Amino acid sequence: MNSDLRFTTGCRKHRASEAAASRTPSRAATARPGGMRRTRKGLPRVALAIAGLPLAQAGGTFWLPDPASTTAHYTDYLFQAIFYISAFFFGLIVVLMTVFLILYRRRDTRIHAEKAPSHNTALELFWTFVPLCIVIYIFAVGFNGYMEMRTAPPDAYEIRVTGQKWKWFFTYPTGCVDGNLHVPVDRPVRLVMSSRDVIHSLFIPAFRLKMDLVPGRYTSTWFHAIKPGTYPLLCAEYCGDNHSAMLAEVVVHEPGQFEKWLEEASNFLKNLTPVEAGRILYQRQGCAQCHSLDGTRKVGPSFKNVYGEQVQFADGSSALADENYLRESILVPDAKIVAGYPPQMPPYQGLLDEDKVAALIAFIKSLSDQHADEAAQPGGEKPSQPGGEKAAPSSPQAPEKPQPVEKPQPVEKPQAAEERQSAKKPQAPGNDGQNDGGASIVPSQGHAAAPAAETNPAGRPGSSP
Amino acid sequence: MNSPASGSVDYLHADRGIGSWIFTLDHKRIGVMYLVGIVASLFLGGLFALAIRTHLAIPGLTHGGSSAVPTASNPEPVATVAPQATAGQDAVAALAAESEAATAASAVQETPKRYLLTPRQYNQAFTLHGAIMIFLVIIPGIPAALGNFVLPLMLGAKDVAFPRLNLASFHLWVIGAIFFLAVLATGGLDTGWTFYTPYSTTTDTRVVTAALGAFILGFSSIFTGVNFIATVHMLRARGMSWFKMPLFVWSLYATAVIQVLATPVLGITLLLVAAEKLLGLGIFDPKLGGDPVLFQHFFWFYSHPAVYIMILPGMGVVSELISTFSRKHIFGYRFIAFSSVAIALLGFLVWGHHMFTSGQSRLASMIFSALTFSVSIPSAIKVFNWLATMYKGSISLQTPMCYALAFLFLFGIGGLTGLFLGALSTDVHLHDTYFVVAHFHYVMFGGTLVAFLGGLHYWWPKMTGKMFNDTLGRLGAVAVFLGMNLTFFPQFVLGSRGMPRRYFDYSLLLDRHPEFAGLNLLSTAGAFLTLIGFLTVAVCLAHSLWRGRPAPANPWGAATLEWQTSSPPPKENFLRPPVLSEGYDPYYLDDLEYDNKTGAYYGVPLGLA
């Protein structure tokens with residue numbers, strides 16, 4: 001989970017680009033499930049937090065975050081109504097208690113209680129019926145709002161949501177799968193949800209929306225976003241070790257931008273090299289939750305230097321990690337369990353087509369110090385660049401380029417970095433400016449608002465020919 | 001009957017040897033043994049609570065990298081809080097580091113993110129905190145410890161109806177507790193106390209052991225319930241009609257009904273979970289053809305009534321305390337008595353309000369929401385009746401009364417915030433957030449546990465024969481009260497602003513919600529203040545055992561029967577079984593007179609032979 005944290009700095013360094021990024025979400029911006037840090041405003045907020053005015057920022061009221069959907073006001077209205085009713089009755093209780101305590105405290109002159117009736121049916125019925133009327137009112141208002149929140153308009157845009165420890169998948173009608181929820185503004189969106197393992201719960205505080213994802217059945221909910229922007233999306237039902245890292249963002253696009261985003265996000269496999277596409281899949285398919293790129297141990301083994309190595313299994317056997325081994329490990333992970341790791345990974349059989357598997361394998365290969373050069377032409381699709389690899393004329397900034405982007409790979413050898421540069425070569429030959437963008441489209445580990453991301457979506461596909 | 005039993009030895013000294021305790025059939029000794037066990041569990045559960053709160057105090061504090069926590073994080077305001085740095089210094093340092101990194105574009109220094117607990121340890125801590133507190137402390141707390149001791153005395157009986165069943169119930173409690181300790185020793189449990197499937201049937205932690213432990217504890221609870229029902233029906237003193245029973249007895253009776261009717265459902269449900277895990281039966285796990293939501297229905301069918309198992313006896317205690325320390329007849333006896341029964345019965349019909357977002361039908365949610373509100377009415381009646389009892393009373397702020405007033409305050413907040421959660425549209429937002437955590441702690445801790453402490457202080461002289469230091473007692477009450485509020489009030493704000501419960505790490509949320517850090521810190525500070533409160537209580541009560549002055553038979557001036565025998569009572573409770581005449585009223589206090597010299601009340605309550 002902390003990997004998420006680590007990834008965020010990259011985006012903050014490029015704060016200037018953030019606003020643009022949120023308006024024009026790029027592929028890079030989409031690729032990361034769990035980014036929540038885009039809208040940091042920097043110093044003022046930090047200062048407020050320090051100043052002990054923790055609630056003075058972030059909008060909304062003292063109790064509730066800023067509402068951003070059409071149904072949120074049902075919740076907010078009732079919340080306030082109940083709040084004032086509660087405050088009144090609580091005040092009444094405390095005031096009476098205090099007044100009685102002062103007036104009727106035991107003193108030498110007041111050893112015995114005064115005579116007072118020990119019951120009064122009329123009075124008691126009164127304070128039975130007054131609360132009764134109040135709760136009937138609360139129930140009715142709550143029911144009304146709930147029906148609105150649960151009844152999707154028939155023309156709603158439908159997105160499928162799948163929960164899996166500990167990531168979100170949002171499947172759009174084009175078949176595109178993303179780790180963040182992208183939606184158009186001012187259009188009702190219906191979510192049809194299910195879980196692949198345990199119960200999760202989709203929680204978007206800004207929309208006052210929550211619905212469980214239950215394995216073995218579909219649940220659905222809907223919302224109608226009214227303000228472009230990004231909002232946190234959280235898992236609210238306890239689901240295990242990384243429950244608190246099962247985060248994503250809701251990206252509400254400006255009018256017209258959503259279609260553009262979807263178009264680009266849907267065609268990445270065609271437009272990118274396998275290594276780059278694999279990197280995007282690594283994010284979108286949730287590999288990043290459990291497999292690091294820098295050799296760090298997470299829930300599963302790191303992808304760093306796996307390819308071409310001898311792997312030890314829990315049953316004592318071992319095998320060479322070649323393409324077939326990687327393929328099997330992705331599709332049927334339980335076939336061979338790496339020694340020292342729990343058999344936790346869900347099978348991807350049937351979830352990834354051959355192109356995607358090949359792209360992921362190419363990406364894993366590119367992370368191997370020894371075999372990175374092979375990655376560029378996994379299926380022989382890409383023209384190899386013999387000799388050109390190492391000699392690739394990197395731009396002056398080339399060596400440092402990967403740095404901001406590929407945060408979690410500090411140990412990466414410069415050689416590997418060059419590989420990636422060269423892998424992109426065919427796409428942006430001699431175009432250093434583009435290259436800069438190219439480096440970051442590969443959605444850095446990272447963060448949704450990967451640097452320079454916004455320069456890219458336009459440039460990238462265009463640069464291939 | 002008022003004077004100490006000269007011809008008989010009190011129950012504490014009637015028999016000697018450890019065997020005379022372990023195999024005793026005396027309800028008073030069983031109650032005391034329960035008390036010891038429950039207090040020990042309370043401290044164990046409290047340790048987990050402190051671990052949780054310490055862990056959450058500052059995101060990313062203390063404890064070096066664990067395997068489950070990947071290292072390597074770029075400097076970042078909240079992630080790298082160095083233990084010695086204040087939040088402010090750190091944020092500034094982080095910003096500096098950030099700009100440095102941006103310009104240098106060189107390898108960023110890796111700083112491991114630090115936590116007190118690993119995710120797995122954290123999940124186990126909140127699971128065991130919940131399971132221990134609920135199954136070992138709060139459910140048996142008032143009925144089995146205080147109720148066991150007081151119920152027969154209040155009824156003027158010699159013992160409960162089935163003394164051997166009573167002992168068996170305690171032994172089962174001990175065995176259940178041992179199962180929980182075994183869970184702790186053999187790898188823990190990380191399902192949350194709710195055991196939600198399919199997480200619980202797929203995790204590799206000790207679900208089966210814990211389920212069996214809870215199953216056994218369930219039987220302990222059922223035995224107590226059966227015993228109390230039979231005792232109330234059969235063993236009331238001659239002349240004690242139903243409406244002459246103390247309200248604490250009414251509440252225990254209502255509780256016992258729930259225990260007997262609801263607990264078997266939990267037992268069977270947990271057995272099914274164990275069967276699914278061990279035998280692969282497809283009941284709850286969809287991979288095996290089961291339905292996970294079915295588990296939630298089964299679970300809450302018990303666990304919501306269980307909430308009333310926890311709170312009703314607390315309300316009973318408070319009814320006693322407020323009347324006694326106001327020196328005034330309880331106001332609206334019948335309304336309070338019937339409201340206990342109403343809560344017990346309505347409590348069975350509201351379990352679905354835990355599942356508004358589970359995917360259950362809109363119709364079901366509507367019905368459960370409506371029924372839920374019906375439960376709030378009897379609670380409101382009680383609160384107003386307690387206030388009316390204080391009206392024109394002679395209110396003495398002795399320690400038990402401090403707890404009773406704290407109960408009114410805290411249960412007031414706990415009950416009123418229940419309105420937010422019973423209403424459908426607000427619950428969708430607040431469900432599974434810290435708002436819920438705060439709400440049920442205000443009810444369970446602020447309500448039940450505070451009432452338990454009040455009752456403990458109230459009956460302490462009767463149980464031990466010693467008076468405690470009232471000043472120290474009140475100090476403890478104030479500290480617990482303040483600590484409790486400081487711990488849980490900020491959690492309402494955390495929850496309504498969107499912090500989900502059971503989050504190992506909220507630092508990822510801080511960017512949008514920097515206020516979470518401060519609120520969590522406040523909450524943790526409150527937890528330690530609460531600890532101070534509990535330690536004060538412990539010191540106060542322990543001190544009384546060695547140094548306390550001998551307790552008179554009736555130190556508080558109550559008219560219920562337990563105060564009409566010596567403190568501590570003789571083994572057989574009453575030297576002469578009390579016989580009540582027509583005029584007896586457990587809340588008629590005017591015939592009792594306080595004697596300044598002895599610090600005791602004298603006089604025979606109206607209608608007592």
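Residues numbered from 1 in each chain as written. Chains lettered and ligands numbered in written order. Predicted model: local features only at pLDDT ≥ 70, side-chain atom pairs only at ≥ 80, totals over all residues. Heavy atoms only, no water.

## Looking at the overall build of chain B
Selection rule: Secondary structure elements are defined from DSSP: runs of H or I of at least 4 residues count as helices, runs of E of at least 2 residues count as strands, and each element is numbered from the N terminus. Only protein chains enter the accessibility calculation, which uses a 1.4 Å probe. A residue is then buried if its area is under 20% of the maximum for its type, exposed if over 50%, and partly exposed in between. Residue-level accessible areas treat just the shown protein chains as cover; the underlying method is Shrake-Rupley with a 1.4 Å probe.
Regarding its fold elements, chain B presents 16 helices and two strands. Buried residues in chain B amount to 67% of all 609 residues. For chain B, the computed accessible surface area is about 18,500 Å², with 69% contributed by carbon and sulfur atoms.

## Thoughts on the overall build of chain A
Rule in force here: The contact criterion used is simple: two residues touch if any of their non-hydrogen atoms lie within 4.5 Å.
Scanning chain A from N- to C-terminus turns up 18 helices and twelve strands. Counting the 465 residues in chain A, one finds 58% classified as buried. Within chain A, contacts between residues at least 6 apart in sequence are counted, and of these 67% link residues at least 24 apart. A total accessible area of about 17,400 Å² is found for chain A, and carbon and sulfur atoms account for 60% of it.

## Overview of the confidence of the model for chain B
All names here are of chain B. Quick note on the threshold: Values of pLDDT, the confidence the predictor places in each residue, fall between 0 and 100.
Summing up the model confidence of chain B, the mean pLDDT is 87 and the portion of residues at 70 or higher is 89%. In this model, residues 1-5 is a region of pLDDT below 50 whose contacts with residues beyond four sequence positions or in other chains number 15 contacts. In this model, residues 61-111 is a region of pLDDT below 50 whose contacts with residues beyond four sequence positions or in other chains number 95 contacts. Overall fold confidence for the complex sits at a pTM of 0.78, while the interface term, ipTM, reaches 0.87.

## As for the state of the cysteines
Disulfides are covalent bonds that link the sulfur atoms of two cysteine residues. Residues and elements named next belong to chain A. Condition: Pairs of cysteine sulfur atoms within 2.5 Å are what we label disulfides.
In this structure the tally under the stated criterion is zero disulfides over all chains. Counting only cysteine sulfurs, C239 is the nearest neighbor of C235, a cysteine outside any disulfide, at a range of 3.9 Å. For C235, a relative accessible area of 0% gives the class buried.

## Overview of the sheet that holds strand β1 (residues 157-164) of chain A
The line we're drawing: For two strands to be treated as a pair, DSSP must find no fewer than two bridges joining them.
Sheet architecture is open: five strands sit in the order β3-β2-β1-β5-β8 (chain A), paired in mixed fashion. Looking along the sheet, the strands with just one partner apiece sit at the ends: β3 (177-178) and β8 (219-224) of chain A.

## With respect to the side chain of A:R110
Threshold: Residues adjacent in sequence count toward polar contacts only when both atoms are side-chain atoms; beyond that, a polar contact is any pair of N or O atoms within 3.5 Å, and within protein one must be able to donate a hydrogen and the other to accept it.
Looking at the element boundaries, A:R110 is found in the loop between α5 (72-103) and α6 (121-150). Overall, the relative accessible area of 11% leaves A:R110 in the buried class. Engagement of the side chain of A:R110 in a polar contact is seen with the backbone oxygen of B:K392, the distance being 3.3 Å. If sequence neighbours within four positions are ignored, A:R110 has contacts with A:L103, A:Y104, A:R105, B:K392, B:G393 and B:S394.

## As for the environment of B:L421
Here B:L421 lies in helix α12 (residues 399-422). The contacts of B:L421, once residues within four sequence positions are left out, are B:F356, B:D427, B:L430, B:F435, B:V436 and B:H439.

## Brief notes about the sheet that holds strand β10 (residues 247-253) of chain A
Residue and element names in this part refer to chain A. Short version of the rule: An axis is simply a line fitted to the C-alpha atoms; with a helix, the fit covers only the stretch in contact. Between two such axes, the angle follows the N-to-C directions and lies from 0 to 180 degrees.
Sheet architecture is open: five strands sit in the order β4-β10-β9-β6-β7, paired in mixed fashion. Where the open sheet ends on each side, the last strands, each with one partner, are β4 (181-184) and β7 (209-213). On average, each strand axis in the sheet is inclined to that of its neighbour by 20 degrees, with strand direction left out of account. As paired elements, β4 and β10 share four bridges and run parallel to each other.

## Looking at the packing of helix α11 (residues 362-390) of chain B against α12(B)
All names here are of chain B. Spelled out, the test is: Reported orientations rely on four angle classes, namely roughly parallel under 35 degrees, roughly antiparallel over 145, roughly perpendicular from 65 to 115, and oblique for the rest. Note on convention: near helix rotated counterclockwise from far helix by under a right angle means a left-handed crossing. Clockwise means right-handed. Residue polarity follows a fixed list, in which Ala, Val, Leu, Ile, Met, Phe, Trp, Tyr, Cys and Pro are nonpolar, Asp, Glu, Lys and Arg are charged, and the others, Gly among them, are polar.
The contact between α11 and α12 brings their axes to 11 Å, and the two run at 155 degrees. Classified by the angle between their axes, α11 and α12 sit roughly antiparallel to one another. The handedness of the crossing between α11 and α12 comes out as left-handed. Between α11 and α12, the residues in contact are S369, T372, F373, S379, V383, W386, L387 and M390 and M401, L405, F407, L408, F411, L419 and G422, respectively. Considered class by class, the residues forming the contact of α11 with α12 number eleven nonpolar, four polar and no charged.

## Notes on the nonpolar core
The test is simple: Among buried residues, those of type Ala, Val, Leu, Ile, Met, Phe, Trp, Tyr and Cys that are joined through side-chain atoms within 4.5 Å constitute a nonpolar core.
Membership of the largest hydrophobic core comes to 252 residues, with the highest contact counts inside it found for A:L181, A:L202, A:F207 and B:F135. With 23 residues, helix α4 (residues 119-155) of chain B is the single largest residue contributor to this core. Setting aside its immediate chain neighbours within four residues, A:F207 contacts A:A68, A:S69, A:T71, A:A72, A:F223, A:A225, A:Y231, A:V250 and A:V252.

## Remarks on unusual backbone geometry
The omega angle of the peptide bond from A:K165 to A:W166 is -5 degrees, so this bond is cis rather than trans. Position of A:W166 among the secondary structure elements: in the loop between β1 and β2 (167-171). Of note, the bond from B:S567 into B:P568 is cis; its omega dihedral lies within 30 degrees of zero at -10 degrees. In this fold, B:P568 is placed in the loop between α16 (515-547) and β1 (593-595). Its identity is not glycine, yet A:D186 carries a phi of approximately 55 degrees, on the positive side.

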